[in-house]
Amino acid sequence: MRLFDLKGKVAIVTGGNGGIGLGMAKGMAEAGADIVVAGRNTTKNAAAVEALGKLGARAVAIEHDATDEGSCKALVNGTVQMLGRLDILVNNAGINIRKTPDVMTLDEWNQVITTNLTSAFMCSNAAYPEMKRAGGGKIVNIGSMMSIFGAPFVPAYAASKGGIVQFTRSCATAWARDNIQVNAILPGWIDTDLTKRARVEVHGLHDRVLARTPAGRWGTPEDHAGIAVFLASAASDFVTGTAIPVDGGFSVSG
Ligand code: NDP
C-alpha cells in the first residue's frame, strides 16, 4: 500500500543490531527502506546486516557509540555519504542499571541518562539539517512503560524514559513546520537481552508480567515492526508528538 511504502527512504536505527531495534528495522526493510544499523558490537552489527539483506533490503552497519556526540554526527554524515540521504531516525539504543536511588552512583545515573536520553538529543540534533534539506522526515524515539510508571530499582531508567516523551513532544512542536514528525513508542515487557537478566534478578517478574498483561504473553521484537512502519511512513504524516504503547494492554490494566 502506497501510504506505508518506504521505498527510496533511508532509515537509521540506533541499537538496530538486536532486540526491538532489529524488529523495527526488519519491518521497515520489508516496507522497502534502506537501513543503517548503528551499534557498538560489530559482530551483532554484521549479523543484523545479513538478516536485513535476506529480506531484500540495502543494509549497512555503522559502528556507533550513542553516548558520544562526535559519533552521533559521524553516524548521520556516514549515512548520507553511503546512502545519499536520511529520512528516518529511530532512537532506540538503551541500557538499564537496576539499583534503588540510595545505592545508585552518579556515574551509573549518567551512563543511563546519556545512553537513553541525551543520545536521542544528539542524534536528532545531527539529523535535523538533513531532514530539513530533504523537505521532511520522521523521528521515532523509544520510551517504555517506565515513561508512565515508576519502580524502586529504575530511578535513572524511568527518568530517561519519562524524559524521552517530553523530548519527543518538544521536537514535534519545534519541527512540525519543517514536515518532520516526531513520535515515541512505549514498549511493554518485551523478551530481549535487556529483560533476560531482569527475569533472573527480579524474583517473580515473569509471572507478574504475564498476570498483568491482558494479551497474556511477553511481547516480541517483531511486535514493533508495524508501529515502526506506520510512524516512519506517509501514513502518519499528521501524527506528531504522540507516545504510543505497544504493550498488549499492560498500561491500561489495573
Ligand atoms: P537490547 O539490549 O537487545 O538492545 C539494546 C540496544 O542498544 C543494543 O542493540 C545495543 O547495541 C544498543 N546500545 C546500548 N548502548 C549503546 C551505546 N552506547 N551506543 C550504541 N548502541 C548502544 O534491548 P531491547 O531491544 O530490549 O532495548 C531496545 C530499546 O527498547 C531500549 O531503549 C530499551 O530501553 C527499550 N525498551 C525495552 C523494553 C523491553 O522490555 N525489552 C521495554 C521498554 C523499552 P550494542 O550491543 O552494539 O551495544
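Before reading on, note that the structure itself is shown above.
Nothing here was measured: the structure is a model prediction, and the numbers come from that model. (Residues numbered from 1 in each chain as written. Predicted model: local features only at pLDDT ≥ 70, side-chain atom pairs only at ≥ 80, totals over all residues. Heavy atoms only, no water.)

When its secondary structure is counted, the chain shows eight helices and seven strands. Radius of gyration (C-alpha) of the chain: 17 Å, near the 18 Å computed for a compact globule of 254 residues. For the chain, the spread of C-alpha atoms along the principal axes amounts to about 50 × 40 × 40 Å. Counting every position in the chain, which comprises 254 residues, the buried fraction comes to 53%. Taking the contacts inside the chain whose residues are at least 6 apart along the sequence as the reference set, 73% of them involve residues at least 24 apart. (Helix = DSSP H or I, 4+ residues; strand = E, 2+ residues; numbered from the N terminus. Rg over C-alpha atoms; globule rule 2.2 N^0.38 Å. Buried < 20%, exposed > 50% of the residue type's maximum accessible area, 1.4 Å probe, protein only. Contact = heavy atoms within 4.5 Å.)

Next up on the list: the environment of Met 82. Position of Met 82 among the secondary structure elements: in helix α3 (residues 69-83). Sequence spacing of Met 82 and Ala 225 is 143 residues, and the spatial spacing of their C-alpha atoms is 24 Å. Those residues within four positions of Met 82 in sequence are excluded, and the remaining contacts are Arg 58, Val 60 and Ile 62.

In this section: the sheet that holds strand β2 (residues 34-39). Strand order in the open sheet formed by seven strands is β3-β2-β1-β4-β5-β6-β7, and the pairing between neighbours is parallel. Pairing within the sheet leaves two strands with one partner each, and these edge strands are β3 (59-63) and β7 (243-246). Between one strand and the next, the sheet's axes are offset by a mean angle of 20°, whatever the strand orientation. Note that strand β1 (residues 10-14) and β2 share five bridges and pair parallel. Directly across from Ala 11, in β2, lies its bridge partner Ile 35. Packed onto the sheet, helix α2 (residues 42-54) meets β2 and β3 and runs at close to 165° relative to β3. Strands in contact with helix α8 (residues 225-232) are β4 (88-91), β5 (137-142), β6 (180-187) and β7; relative to β6, the strand with the most contacts, it is inclined by about 165°. (Pairing = 2+ DSSP bridges. Axes fitted to C-alpha atoms, helices over the stretch in contact; angles between N-to-C directions.)

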